[in-house]
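# Structural features, examined
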Amino acid sequence: MRRHISLMHALILLALALPYFINLGTSSIWDASEAFYAETPREMIATGDYLAPRFNFEPRVQKPPLTYWIIAASYKLFGVREFAVRLPGALAGLGVMLFSYGIARMLYGPRPALMAAAMTATTARIFILARRLPIDIFLLFFLAGTLFFLIRGIRLKRTSAWLSAYAFAALGFMVKGPVAAIIPAAALLLWAW
């Protein structure tokens, strides 16, 4: 019976994830924000300079570099095209859904976990972020991962969970800056209080 439920959950999660990956490369890049995150990694590859982000070959230091590095790695794997820009965001959207599932499962059980995953996957804003604006979906992914591992660390009292929470917060910092550490720290302090 338990195996049947796990298989059913896996199939439902797969069905929820599919729309995130359909036609990723068919529409052109038209949004100005998406253009920044498409062109800057292309210029990193062209110049061979992965430490100093540039847009139109002028310094672009407003954001930390992890998003650019992720897109650049995707370019290396799939070529410089729309699909390569959008695939990492779709994978991050899938990760947000799975972290939502995992958090709800730890706290409430399998049925609420499936409901949490379905609500996350069908939220229009998350879907749009996963297909258009990589920096915001990456931040959400790293925040969800931080929360997942914080809860896991509190419940299981395992050092590895705490280290994973810190790693996710650090990666979020490398995507968006201090907000990625401030939000989980504030939530943890509020919970501890």
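Below is a summary of the structure that appears in this document.

## Some remarks on the pattern of salt bridges
- What the rule picks out here adds up to five salt bridges.
- Glu-34 is the partner of Arg-132 in a salt bridge, and the nearest nitrogen-oxygen pair spans 3.4 Å. Here Glu-34 lies in helix H2 (residues 32-47) and Arg-132 lies in helix H6 (residues 124-132), a separation of 98 residues in the sequence.
- Note that Arg-54 and Asp-49 form a salt bridge whose closest N and O atoms lie 2.9 Å from each other.
- Judged by relative accessible area, which is 23%, Asp-49 ranks as partly exposed.

## Regarding the environment of Val-61
- Tracing the chain through its elements places Val-61 in the loop between strand S2 (58-59) and helix H3 (66-78).
- Along the primary structure Val-61 and Gly-109 are separated by 48 residues, whereas in three dimensions their C-alpha atoms are 44 Å apart.

## As for a nonpolar patch on the surface
- A cluster of nonpolar side chains, Leu-7, Leu-11, Leu-14, Leu-18 and Ile-22, forms an exposed patch at the surface whose accessible area comes to about 490 Å².
- Assignment of secondary structure puts Leu-7 in helix H1 (residues 2-17).

## Some points on the nonpolar core
- Within the largest apolar cluster, 43 residues are counted, with the highest numbers of intra-cluster contacts made by Leu-13, Met-97, Phe-99, Ile-137, Phe-141, Phe-142 and Val-175.
- Counting residues per element, this core draws most heavily on helix H7 (residues 134-156), at 12 residues.

## Side note on helix H8 (residues 159-176)
- Across its 18 residues, H8 extends 26 Å between first and last C-alpha, which sits within 8% of the 26 Å expected from 1.5 Å per residue.
- By the burial criterion, the buried members of H8 are Ala-161, Ala-165, Phe-168, Ala-169, Gly-172 and Val-175. Projected onto a plane normal to the axis of H8, the buried residues spread over an arc of 115 degrees and lie on a single side. Looking at H8, the residues exposed on the side facing more than 90 degrees away from the buried face are Thr-159, Leu-163 and Tyr-166.
- Note on H8: the residue one or two positions beyond its end, Gly-177, has a positive phi of about 100 degrees.

## Details of the side chain of His-9
- Within the fold, His-9 resides in helix H1.
- Looking at His-9, the relative accessible area reads 6%, which means it is buried.
- When residues no more than four places from it in sequence are discounted, the contact partners of His-9 are Tyr-101, Arg-105, Pro-110, Arg-111 and Leu-114.

Cut-offs and rules
- Residues numbered from 1 in each chain as written.
- Predicted model: local features only at pLDDT ≥ 70, side-chain atom pairs only at ≥ 80, totals over all residues.
- Heavy atoms only, no water.
- Salt bridge = Lys/Arg side-chain N within 4 Å of Asp/Glu carboxyl O.
- Helix = DSSP H or I, 4+ residues; strand = E, 2+ residues; numbered from the N terminus.
- Buried < 20%, exposed > 50% of the residue type's maximum accessible area, 1.4 Å probe, protein only.
- Patch = residues over 30% accessible without salt bridge, like charges linked within 9 Å, V, L, I, M, F, W, Y side chains within 5 Å.
- Areas by Shrake-Rupley, 256 points an atom, 1.4 Å probe, with all protein chains shown as cover.
- Core = buried A, V, L, I, M, F, W, Y, C linked by side-chain atoms within 4.5 Å.
- Expected span 1.5 Å × (residues − 1).
- Arc of directions from axis to C-beta.
- Contact = heavy atoms within 4.5 Å.

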